[in-house]
Amino acid sequence: MNSNSDKDYIDAKADSLHAEMAGRTDSLHAEMAGLRAVLDERTEAIRESMREMRVAVEAKIVSTVESAVSQLVKWMVGTFIATIAIFITVMTFVLNNAVPKTPAPAATVPAVIIQVTPQGVSVLPVAPAVPPKP
């Protein structure tokens, strides 16, 4: 073998390896494109599932918050009404019992006597008294 034939052999071998590598690379790119499509499908399915779960969780949270708010309002209104009732009761008791009550003195009020003439009886006038004779 001479140097030209060696060079031609090496060039032919390199070209065949290059062509084989190009074919394998193209095959690998096609497989990767197929895998990419499958991966994109699965990713979109996962995203859709996550959206559905997020919507369900948000609905559950909203329902829980609404329930908690209604319970809170119910308890606050009940506590407010009970507090007002207790306040009124205590203030009534304090105001009725804090100042001692003094009974009205019975001796200072003169008794009033009203005499009514009986019906159908006439009252005669009294004659003046005659002075005694000496």
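It should be noted that the structure appears before, not after, this text.
Quick notes on the rules
Residues numbered from 1 in each chain as written. Predicted model: local features only at pLDDT ≥ 70, side-chain atom pairs only at ≥ 80, totals over all residues. Heavy atoms only, no water. Helix = DSSP H or I, 4+ residues; strand = E, 2+ residues; numbered from the N terminus. Buried < 20%, exposed > 50% of the residue type's maximum accessible area, 1.4 Å probe, protein only. Areas by Shrake-Rupley, 256 points an atom, 1.4 Å probe, with all protein chains shown as cover. Salt bridge = Lys/Arg side-chain N within 4 Å of Asp/Glu carboxyl O.

Peer 1: When you look at the overall build of the chain in this model, what are you seeing that I'm missing?
Peer 2: Looking only at helices and strands, one finds one helix and zero strands in the chain. In the chain, buried positions account for 0% of the 134 residues. Working note: accessible area of the chain is about 13000 Å², and carbon and sulfur atoms make up 69% of it.

Peer 1: What exactly am I supposed to notice about the pattern of salt bridges here?
Peer 2: As a working rule, side chains carrying opposite charge can pair if their charged atoms are close by. Using the criterion set out here, one finds five salt bridges in the structure. Among the salt bridges present, the one from Glu-20 reaches Arg-24, with a minimum N-O distance of 3.0 Å. Of the two residues, Glu-20 and Arg-24 both sit in helix 1 (residues 3-97), four residues apart, roughly one turn of that helix. According to the relative accessible area criterion, Arg-24 is exposed, its value standing at 53%. Ionic pairing is found between Glu-48 and Arg-51, a salt bridge with its closest N-O pair at 3.0 Å. With Glu-48 and Arg-51 both in helix 1, this residue pair falls three residues apart, about one helical turn. Counted as one network, the salt bridges with shared partners bring together Glu-44, Glu-48 and Arg-51.

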